[in-house]
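Commentary on secondary and tertiary structure
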Amino acid sequence: MSTSAAPPRVLTVAGSDSGGGAGVQADLKTMLALGVHGMSVLTAVTAQNSLGVQGAWELPVEAVRAQYRSVVDDIGVQAVKTGMLASAELVEAVAELISGTDAPAVVDPVGVSKHGDPLLAASALDSVRTQLLPAATVATPNLDEVAQLTGVRVQSEDDLRRAAAAVLEFGPRWVLIKGGHLAGDAVDLLTDGTEEHVLRAPRHDNRHTHGTGCTLASAIACGLARGRSVPEAVVAAKQYVTGAIAAGFALGAGIGPVDHGWALGRDVP
Ligand SMILES: Nc1ncnc2c1ncn2[C@@H]1O[C@H](COP(=O)(O)OP(=O)(O)OP(=O)(O)O)[C@@H](O)[C@H]1O
Ligand SMILES: Cc1ncc(COP(=O)(O)O)c(N)n1
């Protein structure tokens, strides 16, 4: 009997999206598509669909710590990704857990959903700044999250640099500012304060973009788990999310999801 070699292992610490487009569901789909073994620590459950978030319930800190220890102490991880953390208590616990883990951490500081529903308590922002961001190998804020965390309002590509410098002050090794909400090309800026990489992709005129941020951050974690450098992992992840956005499809009456399986082919036997 032969045993296959285990693929790289990636852990997502995030909330559940019942609609399957964002959160833990988007993360695990991305991980499957990119050939790694995906694992999850659930932080919260949302009742969510294409129209918005109808309800959200966070898990006790003890349940989050226990899931994390179960995975890391036995199976082990080559990269961790964090998403919705809901409260200051959960942000602080997760910051401590990832700081004590010998693996790169991609921190997506999720603040609000695409529809404007809050996914993080306002009282947690300080813990994100002082505890979570310093533990990040790469932080991936969108423009609303940058404004919330730093006060910098990005209105043009030139402002991306100012925003990146402000986030780096909090201590992540790298920051990827996502300019997806600007007009024109979808331009993101990656920097560690020394090197700078501008990632530019054509904007797809597709409203079905639910889950873009989760998908991008998970794809970066997959690249890091494979041993890629941060710039290499981010360039590959940007290509993956751009393809997923181009293939995003209508579902429900509102904003549909990106297609995580766009590169896999659809001829499943
Ligand atoms: N219409 C689009 N066409 C191409 N790329 C896009 C489009 N919208 C966003 N992107 C890209 O998708 C990635 C995620 O960026 P975005 O700003 O959408 O993240 P987010 O705000 O966290 O996600 P969400 O808006 O779903 O919460 C970035 O690389 C961004 O440039
Ligand atoms: C549980 C959960 N986590 C995160 C998001 C943000 O999604 P996005 O990937 O679109 O930024 C979401 N809508 N729901």
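Residues numbered from 1 in each chain as written. Chains lettered and ligands numbered in written order. Predicted model: local features only at pLDDT ≥ 70, side-chain atom pairs only at ≥ 80, totals over all residues. Heavy atoms only, no water.

Time to look at the site of ligand 2. Taken together, 14 residues are adjacent to ligand 2, and G15, Q48, G211, G213 and C214 come closest. A distance of 2.8 Å separates a nitrogen atom of ligand 2 from a polar atom in the side chain of Q48. One of the backbone N or O atoms of C214 is found 2.7 Å from an oxygen atom in ligand 2. In isolation ligand 2 exposes 370 Å². Once the protein is present, 94% of that is buried. Counting only elements with at least two residues in the shell around ligand 2, the list comes to β1 (9-17) and α7 (212-225). No other element matches α7, which puts three residues into the shell around ligand 2. Each residue belonging to the shell around ligand 2 can be placed in one class, and the counts come to five nonpolar, nine polar and no charged. (Near = heavy atom within 4 Å. Polar contact = N/O pair within 3.5 Å; in protein donor to acceptor, adjacent residues only side chain to side chain. Areas by Shrake-Rupley, 256 points an atom, 1.4 Å probe, with all protein chains shown as cover. Helix = DSSP H or I, 4+ residues; strand = E, 2+ residues; numbered from the N terminus. Nonpolar A, V, L, I, M, F, W, Y, C, P; charged D, E, K, R; others polar.)

Attention now goes to the site of ligand 1. Close to ligand 1 lie 17 residues, the nearest being K114, N142, K178, H181 and D188. Within the side chain of H181, one N or O atom sits 2.8 Å away from an oxygen atom of ligand 1. Here D188 contributes a side-chain N or O atom positioned 2.5 Å from an oxygen atom of ligand 1. The protein chains hide 93% of the 610 Å² of surface that ligand 1 would expose on its own. Elements supplying a minimum of two residues to the shell around ligand 1: β8 (186-191), α7 and α8 (230-246).

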